[in-house]
Each structure stands twice: as C-alpha cells, then as structure tokens.
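These are the residues of each chain, in order.
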Amino acid sequence: MIKPVPLCPVILCGGSGTRLWPLSRRSFPKQFARLLDDESLFQATARRVLGPAFDRPIIVTGEPFRFTIVEQLAALGVKPDGVLIEPEARNTAPAVLAAALWLRDRHPEALMLVMPSDHQIADVASFHAAIEAAKPRALAGDIVTFGIVPSHAETGYGYLELKPGELNVSGPQELRQFVEKPDAERASLMIEAGNFLWNAGIFLFSVQAIVDAYSAHASAMSAAVASSLAAARLDLDFTRLEPEPWRGVESISIDYAIMEKISNLAVMPLTAGWSDLGGWASVWNEGRQDAVGNVCSNDVTAIDCSGTLLRTEGEGLHLVGIGLQDMIAVAMPDAVLVAPMSESQRVGEAVALLRENGVKQANMSNRDLRPWGWYESIASGDRFQVKRIMVRPGASLSLQSHHHRAEHWIVVAGTAQVTIEDQISLITENQSIYVPLGARHRLENTGKLPVLLIEVQTGAYLGEDDIIRYADVYARN
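Note that the structure is a prediction, hence the values are computed from the model and not measured. (Residues numbered from 1 in each chain as written. Predicted model: local features only at pLDDT ≥ 70, side-chain atom pairs only at ≥ 80, totals over all residues. Heavy atoms only, no water.)

Participant: Got a sec to walk through the UniProt feature "domain: Nucleotidyl transferase" (unreviewed entry) in the chain? Specific residues and values, please.
Facilitator: As recorded in UniProt, the feature "domain: Nucleotidyl transferase" (unreviewed entry) lies at residues 9-288. For residues 9-288, the end-to-end C-alpha separation is 30 Å, with 35% helix and 23% strand making up the annotated structure. (UniProt positions renumbered as here; feature names shortened; annotations may be inferred. Helix = DSSP H or I, 4+ residues; strand = E, 2+ residues; numbered from the N terminus.)

Listed below in structure tokens is the structure:
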C-alpha cells in the first residue's frame, strides 16, 4: 500500500493588523482576538486544518506571541508539530522558506499548505475541496496559489489575472499576471472582465518545489535562512532561529520574491466565503447585522443608527450611538476610534501618526499577555501603580526580586502559593501578603481555578525592566 504524502499546514502568525486598531496592536494583533465569535482568527485557522487529511500545524511567529499560540492551540486540543520563532519580522518570504527548510529535514516528501493566521473562511468544506482539486498540480511540482472569486470591486486587494475565457472553479487555472491593488475604476473593469481573482496569500506546494524556487530566484535569502535554521536552538518546545544570519535577510513578501518570477505557477479559484478582515468595514460586513444593518457587540445601545459598527472591548464600558449612519465606533479602556465606514482603510494611517508622536496606545494594549496569564494597569501615579493580575491554573511567575519597588498582593479569587525568601504561604480570597523591596519572591497557582489578584506597587521606579530573575519555568532571561 502506498503511503499518502503528508499535507503539512504552515500558519504564518507574525502580523500586527494595524487597520483594526485599537483592538489590534503590535502587542496583541488581530489574529489572537475574538472578532466574529468565541474563537480567535488564529484558532479558526488552525481548526479548519484539523482532521485526518492534515498533519499537525507548523507555526511561524515572533517572540512576543509564542505562549499565546501554544495556549490558544491547547484550547483546541492541538499540539503543533513545530513553532519557529523569527528573531525579527521579515515579511512572508523568509518565514515560508524557514518552514520549508525545517520540513525538508523531517518530511522532505510533504506538501505544504501555507496560510495567513488572520483570515475568515466561512465554507470550510469548499476550502477542503479546493485543496483536493489543487493537490495533483502540487504533487507534479507546480506551485499553486489560491485566488478568491470576487464578489465586488475591491481596491484593498491585489488581483490575479487569468487567461481570458469562462472561469472554471473546478481546478487550477493558468496565471496571466499579478495585478497590484487597483483604483476603483480599474477594479470595476476587472470585475466586469470576469477573469480576475483576489490574491488570498494561500499557497500549496511540495517542499522540494518551493526550496528549488528560492534557490533559483532568491539564492541570498536561501543561504541566510539556511544558516539561521542550522544554528537554531531549542527553547522549551520552540525553535529559535539564529538572529545573526537572519538580520541579513531581505524583508519581502513571497509574491515579490518568488511567485512573480516562477513559470510553474497555477491558480486555484476559491469560492468559500473568504475575507481577510483587513479593516473595520470588513468586520462589519462579516458580522451579524440587525434589521437596519447595525453590528453591535455586548454593552452597546444603538438609537436611530443604521449601517453602523458599534463595539466595546473591556469590562465596565458601555457605548451609546445616537443617529449614526455608516459609522464605526470602537471603544476600549485606553483608546476610542470613531470614523465613517468609508474611511476605514485609513486607520493604519492614524496608527502611523500615533507612533510618530510617541503615543503608547499605538502599539501597546492595556492588557499585557504573559506565559502565565496577563496583567493590566488600572491606576498609577507618583511612586505607585495598581495592577490586576490573572495567573492560570498550573502557571507560575518567575522567582524574582526588584531593586526599586515593594509589592502588596491582595487575592480576590482562587488560591495562590507565595514564596518570599524561605517562607512559603497559601493566600486565598480576601487575604493579602507584603513583598518587601529586594526580597526574592514567586507566586504560583497550584490549583484548578484561575488566581485573580490586585497588586499595589510602591517605589521610586516601577518599570517592567526592574526584574531580576533567578528561576523561570518559561526559560525567559
């Protein structure tokens, strides 16, 4: 019996999604957020490649997101085949190559299904059928890109131009050329022509075919990424690519580096309810609209509004819209966005301006994720800061001390095991403990329920870099 060729999903998970600010930020990009339902976009991406037809997924991501990825996959009952940590974001071309070279050492005969982590595909069965239809071309050595059959004249996507003629969605087609994002007039003409597809950034190819393509068309990148992978080190279950060779890698998309240069490219049309959720207008379009076209989250009141997105994120917020038409209003504890729906693509422009002006909210979320849980600052002033902290069951903060601050912990839910120097105590709800300046200390959640506590810091300097770690189960420096 012939053994089937492995089909290895590769999920690219390093983007920052600035057009969905203030929900999506550099510290917590949109792929990890619950935009449309109770799962994040990353979880939905991983779920659609579960089952006997697929191997375990391979994730390529950055340092800040590694524990979030493992946690969100664990919630699905999924253990990744590998998680590759990029030293720096270098766009999609180096990320795909790193995954291909990693796979070549383990499954050289495999097919790779490369996907962004932040797209929506409503019809998973149609997506699977398109993969099956594209497999023969990939097994024959071609590189297959998936093109979305467009529903309207969209100016926010690149296009794939096929040869003129009736579009056949049952199998791969021949590509005529890539087309950059068009203006509105040209987009309308392309939709009327009927032989243009949206470029989805989803690919299917064999490991050998893509490695050969890089060798032929991006040899310098091939050498640098290979060196980075050869010197990679294991860190818990993660593979950390070596930074020094990686610094010399060009930051470029796989479309520009490879796809626009090769001759063995085929296009598989896809009709599966796809959206890249690249802006708030897309979220509104994909959301559950009421009778007058409003998409509202919890804690929202809409009065005489229509065609409007009203969304709150965070406890204790209630958003009221009155007389709004075709508007976006997104409220978070530390930032608010209000804009006409027609201007939704300019949110990235706003984020660039905030960064230029040094506004913290441009990049950092109010809630800071950690491998053990999260914390958020709820009050601060001269020589004090108050945080709310959640520690997951079985998780532990590092054994640490501080030069400049003392801490007072008040447990409001669960039971924490606290070590201060040589003293170990169990602190439960409505109990507190004082951590003196300079004392070695650690907090552990040995129970089955999350621990929620309030931390009051006092001292001359309260920055997160005032931490000396002596031991850490997450291998952080």
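Participant: Break down the packing of aromatic side chains for me, with residues and values.
Facilitator: Within this structure, the stated rule accounts for nine aromatic pairs. Relative to Phe32, the ring of Phe28 has its centre 6.5 Å away and its plane inclined at 40°; by these criteria the two rings are tilted. Residues Phe32 and Phe42 carry aromatic rings whose centres are separated by 5.9 Å and whose planes lie at 70° to one another, so their mutual orientation is edge-to-face. Pair noted here: Phe32 is in the loop between β1 (7-13) and α1 (41-47) and Phe42 is in helix α1, with a separation of ten residues, a long-range link. Judged by relative accessible area, Phe42 falls into the buried class, the value being 0%. Members of the aromatic cluster, joined through ring pairs, are Phe28, Phe32, Phe42 and Phe65. (Phe/Tyr/Trp six-rings, centres within 6.5 Å; stacked < 30°, edge-to-face > 60°. Buried < 20%, exposed > 50% of the residue type's maximum accessible area, 1.4 Å probe, protein only.)

Participant: Lay out the nonpolar core with the relevant residues and their values.
Facilitator: Core analysis: the largest hydrophobic core is formed by 85 residues, its most contacted members being Leu113 and Trp280. Once residues lying within four places of it in the same chain are set aside, the contact partners of Leu113 are Leu7, Cys8, Pro9, Val10, Val49, Phe54, Phe127, Ile131, Phe146, Ile202, Phe203 and Leu204. Among the nonpolar cores identified, the runner-up in size contains 49 residues, and Leu103, Leu175, Ile210 and Val225 belong to it. (Core = buried A, V, L, I, M, F, W, Y, C linked by side-chain atoms within 4.5 Å. Contact = heavy atoms within 4.5 Å.)

Participant: Mind laying out the side chain of Arg311, listing which residues take part and the relevant values?
Facilitator: Relative to the elements of secondary structure, Arg311 occurs in strand β16 (residues 309-312). Accessibility expressed as a relative area gives 9% for Arg311, which makes it buried. Within the local environment of Arg311, its side chain forms a polar contact with the backbone oxygen of Leu35, the two atoms lying 3.1 Å apart. Those residues in contact with Arg311 that sit more than four places away from it in its chain are Leu23, Arg34, Leu35, Trp280, Val283, Ser297, Val300, Leu319, Ala329, Val330 and Ala331. (Polar contact = N/O pair within 3.5 Å; in protein donor to acceptor, adjacent residues only side chain to side chain.)

Participant: Before we move on, can you summarise the packing of helix α6 (residues 207-217) against helix α7 (residues 219-230) with the specific residues and values?
Facilitator: Where α6 meets α7, the axes come as close as 5 Å, and the angle between the chain directions of the two elements is 120°. When the axis of α6 is compared with that of α7, the two are oblique. Between α6 and α7, the residues in contact are Tyr214, Ser215 and His217 and Ser219, Met221 and Ser222, respectively. Class assignment for the residues of the contact of α6 with α7 results in two nonpolar, four polar and no charged. (Axes fitted to C-alpha atoms, helices over the stretch in contact; angles between N-to-C directions. Parallel < 35°, antiparallel > 145°, perpendicular 65-115°, else oblique. Nonpolar A, V, L, I, M, F, W, Y, C, P; charged D, E, K, R; others polar.)

Participant: Run through the sheet that holds strand β22 (residues 384-391), naming residues and quoting values.
Facilitator: Pairing in this open sheet of six strands is antiparallel, and the strands run β20-β21-β22-β29-β24-β27 from one edge to the other. Here the strands that pair on one side only, and so sit at the sheet edges, are β20 (367-370) and β27 (432-435). If you compare each strand with its neighbour and ignore which way they point, the axes differ by 25° on average. Summarising the sheet, strand β24 (residues 405-413) and β27 pair through four bridges and their orientation is antiparallel. Paired with Trp409 across the two strands is Ile433, which belongs to β27. (Pairing = 2+ DSSP bridges.)

Participant: Before we move on, can you summarise the UniProt feature "domain: Mannose-6-phosphate isomerase type II C-terminal" (unreviewed entry) in the chain with the specific residues and values?
Facilitator: Mapped onto the present numbering, the UniProt feature "domain: Mannose-6-phosphate isomerase type II C-terminal" (unreviewed entry) falls at residues 360-472. As annotated, residues 360-472 comprises 0% helix and 57% strand, and the C-alpha atoms at either end are separated by 28 Å.

Participant: An account of the environment of Lys360 is needed here, citing residue identities and associated values.
Facilitator: Considering the arrangement of structural elements, one finds Lys360 in the loop between α11 (347-356) and β20. Counting along the chain gives 26 residues from Lys360 to Asp334, while the straight-line C-alpha distance between them is 9.8 Å.

Participant: Help me get a handle on the sheet that holds strand β18 (residues 327-332), residues and values and all.
Facilitator: The strand order across the open sheet built from four strands is β14-β16-β18-β19, with neighbouring strands paired in mixed fashion. Strands with a single pairing partner mark the edges of an open sheet, and in this sheet they are β14 (295-296) and β19 (335-340). Note: β16 against β18, four bridges, orientation parallel. Note on β18: the bridge partner recorded for Arg311 is Val330.

Participant: With reference to specific residues and values, describe the side chain of Thr61.
Facilitator: Here Thr61 is to be found in strand β2 (residues 58-62). Here the side chain of Thr61 touches Cys13 through a polar contact of 2.8 Å, landing on its backbone oxygen. Excluding anything up to four places from it in sequence, Thr61 contacts Cys13, Ile69, Val83, Leu84, Ile85 and Glu86.

Participant: Describe the domain arrangement of the chain, and please don't skip the residues or the numbers.
Facilitator: For the chain, the assigned domains read domain 1 (5-273), domain 2 (279-343) and domain 3 (365-469). Inter-centroid distance (C-alpha atoms) of domain 1 to domain 3 is 39 Å. Contact with domain 1, which involves six residues of that partner, is made by five residues of domain 3. Of the roughly 510 Å² buried between domain 1 and domain 3 on both sides combined, carbon and sulfur atoms contribute 55%. Broken down residue by residue, the surface that domain 1 buries against domain 3 is led by Phe28, Phe67 and Glu71, which jointly contribute 59%. Along the contact surface separating domain 1 from domain 3 lie one salt bridge. Residue Arg392 is joined to Glu71 by a salt bridge in which the shortest nitrogen-to-oxygen separation is 3.3 Å. Taken together, domain 1 and domain 3 are joined by two residue pairs in polar contact (both at pLDDT 80 or more). (Domains from an automatic or database assignment. Buried area = accessible area lost by both parts, 1.4 Å probe. Salt bridge = Lys/Arg side-chain N within 4 Å of Asp/Glu carboxyl O.)

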